[in-house]
Amino acid sequence: MSFSSSWLALREPADLKARAPELLQVLEGFFSSRDYADIVDLGSGTGSTLRALQDILPKRQSWRLIDNDPDLLAAAGDELAAWADSAGVHGDALLLEKAGRSIRVRFIEADLAADPTPWEAPHPDLVTASALFDLVSAEWIDRFAKAVVTARVPVYASLNYDGRAIWEPAHPADEDILGCFNRHQGSDKGFGPASGPQAAERLTSRLSAQGFHVKTASSPWLLTDDARPLADELNRGVANAIHEIGEIDGSVVEDWLQARLQGDETRIGHTDVLGLPG
Ligand SMILES: C[S@@+](CC[C@H](N)C(=O)[O-])C[C@H]1O[C@@H](n2cnc3c(N)ncnc32)[C@H](O)[C@@H]1O
């Protein structure tokens, strides 16, 4: 499954607002006595997670951004260089200075379906993933959880879609559309049947069962006027998914979409998960 850099740019401000502050606070506290952290970001896209977390992590950071899309990794390099106060290249790494942080970034093209933890030793101090876990299968989550627990690597997995969507004003087809969309979320995104809305629960239960301390918090998107382009793009995507499944009459879906494109608010539920070694 591929994602465009324009879609990721559209969602980044909403993601930044949505990330659960209580989990970010715990994460900041966990690293507060350190001056260095080595972080791996899975399914990094254009580097949104790095930009979101850099100011709560230690002053010196080394990030490995892992994605299977070389175009997104190239865009990540450009976007991070433009975002930083200063940027330079050293070998295969991008060296950034941003608001008092020194950040070394490496870009790694890898297929996570083949290996959920494709890093070389030593293990990182933290593994992060935003908007990734709902794409992966339940079995992938089990393999991932086993590997991070064995290596005692903390996990921050944010913005996992939780199956809830509320549109205002309501439309008679909302419930059917959502049910159908959630079934579509379970289709294969390259990792086997996707865990979709069950992702956060699965990750939480697998990490806790093996002794990690896990906190979860909701991180919904509340999309109103200032996020209209994101809401419209999202609702068009929902309508396309419903057409693909073909269970709801096409004219009903179109009527629903037109109402959404003129609607006031789209709320999409997410859950953030933070797992720390016990
Ligand atoms: C929804 S996007 C999220 C991107 C980024 N984490 C963010 O929050 O903006 C999912 C990301 O996972 C990556 N991805 C999907 N399947 C992958 C795979 N099999 N191996 C590595 N990355 C993958 C996509 O290329 C995309 O960058």
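Residues numbered from 1 in each chain as written. Predicted model: local features only at pLDDT ≥ 70, side-chain atom pairs only at ≥ 80, totals over all residues. Heavy atoms only, no water.

Enquirer: Just to check I follow, could you spell out the overall build of the protein for this structure?
Expert: For the protein, the helix and strand inventory stands at nine helices and ten strands. For 278 residues, the compact-globule estimate of 2.2 N^0.38 gives 19 Å, and the C-alpha radius of gyration of the protein, at 19 Å, lies within 12% of that figure. Its C-alpha atoms give the protein principal-axis dimensions of roughly 55 × 40 × 30 Å. Within the span of the protein, comprising 278 residues, buried residues form 53% of the whole. Considering only residue pairs separated by 6 or more positions, the protein has 79% of its internal contacts joining residues 24 or more positions apart. (Helix = DSSP H or I, 4+ residues; strand = E, 2+ residues; numbered from the N terminus. Rg over C-alpha atoms; globule rule 2.2 N^0.38 Å. Buried < 20%, exposed > 50% of the residue type's maximum accessible area, 1.4 Å probe, protein only. Contact = heavy atoms within 4.5 Å.)

Enquirer: Looking at this structure, I do not really get the packing of aromatic side chains. What am I missing?
Expert: If you walk through the whole model with that rule in mind, you get eight aromatic pairs. Relative to Phe 31, the ring of Phe 30 has its centre 5.2 Å away and its plane inclined at 80°; by these criteria the two rings are edge-to-face. Considering the side-chain rings of Phe 133 and Trp 140, the 5.6 Å spacing of their centres and the 70° angle between planes classify their relative orientation as edge-to-face. You can call Phe 133 buried: its relative accessible area is 1%. Given a relative accessible area of 2%, Trp 140 falls into the buried group. An aromatic cluster of three or more residues is present, and its members are Phe 133, Trp 140, Phe 144 and Phe 191. (Phe/Tyr/Trp six-rings, centres within 6.5 Å; stacked < 30°, edge-to-face > 60°.)

Enquirer: Can you help me understand the site of the ligand in this one?
Expert: If you check the shell around the ligand, you find 19 residues, and the closest are Gly 43, Asp 67, Asp 111, Leu 112 and Ser 130. One of the backbone N or O atoms of Asn 68 is found 3.3 Å from a nitrogen atom in the ligand. Among the residues forming the shell around the ligand, the class breakdown is ten nonpolar, six polar and three charged. (Near = heavy atom within 4 Å. Polar contact = N/O pair within 3.5 Å; in protein donor to acceptor, adjacent residues only side chain to side chain. Nonpolar A, V, L, I, M, F, W, Y, C, P; charged D, E, K, R; others polar.)

Enquirer: What's the story with the pairing of strand S5 (residues 101-109) in this structure? I'm lost.
Expert: One ladder, built from eight bridges, connects strand S2 (residues 60-67) with S5; its direction is parallel. Counterpart to Trp 63 in the pairing with S5 is Val 105. Pairing of strand S4 (residues 93-98) with S5 involves six bridges; the strand directions are antiparallel. Paired with Lys 98 across the strands is Arg 101, a residue of S5. From the end of S4 to the start of S5, which pair antiparallel, there are two residues, and Ala 99 there has a positive phi angle of about 45°. (Pairing = 2+ DSSP bridges.)

Enquirer: Quick question: what am I supposed to make of helix H1 (residues 5-18) here?
Expert: Helical periodicity: at 3.6 residues per turn, an α-helix aligns residues three or four positions apart in one direction. With 14 residues, H1 extends 19 Å between its outermost C-alpha atoms, agreeing within 8% with the 20 Å of an ideal straight helix rising 1.5 Å per residue. By the largest-angle criterion, Glu 12 marks the main kink of H1, which is about 35°, and a proline, Pro 13, follows within four residues. Among the residues of H1, those classed as buried are Trp 7, Leu 8, Arg 11, Glu 12, Ala 14, Asp 15 and Ala 18. At its buried positions, H1 is contacted by helix H3 (48-53), helix H4 (70-83), strand S7 (155-168), strand S9 (221-223) and helix H8 (228-245). (Expected span 1.5 Å × (residues − 1). Bend = angle between axes of the 7 residues up to and from the residue.)

Enquirer: Is there a simple way to explain the packing of H1 against H8 in this structure?
Expert: Following both chains from N to C, one finds H1 and H8 inclined at 125°, their axes separated by 9 Å at the closest point. Classed by the angle they form, the pair H1 and H8 counts as oblique. In terms of crossing hand, the pair formed by H1 and H8 is left-handed. When H1 is examined against H8, the residues Trp 7, Leu 10, Arg 11 and Ala 14 are found in contact with a partner set consisting of Pro 229, Leu 230, Glu 233 and Leu 234. (Axes fitted to C-alpha atoms, helices over the stretch in contact; angles between N-to-C directions. Parallel < 35°, antiparallel > 145°, perpendicular 65-115°, else oblique. Left-handed = near helix turned anticlockwise from the far one by under 90°.)

Enquirer: Quick question: what am I supposed to make of the environment of Leu 230 here?
Expert: Within the element layout of this structure, Leu 230 appears in helix H8. In this structure, the C-alpha to C-alpha distance between Leu 230 and Thr 266, residues 36 residues apart in sequence, is 9.8 Å. Beyond its immediate sequence surroundings of up to four residues, Leu 230 is in contact with Trp 7, Leu 10, Arg 11, Ala 14, Trp 221 and Leu 223.

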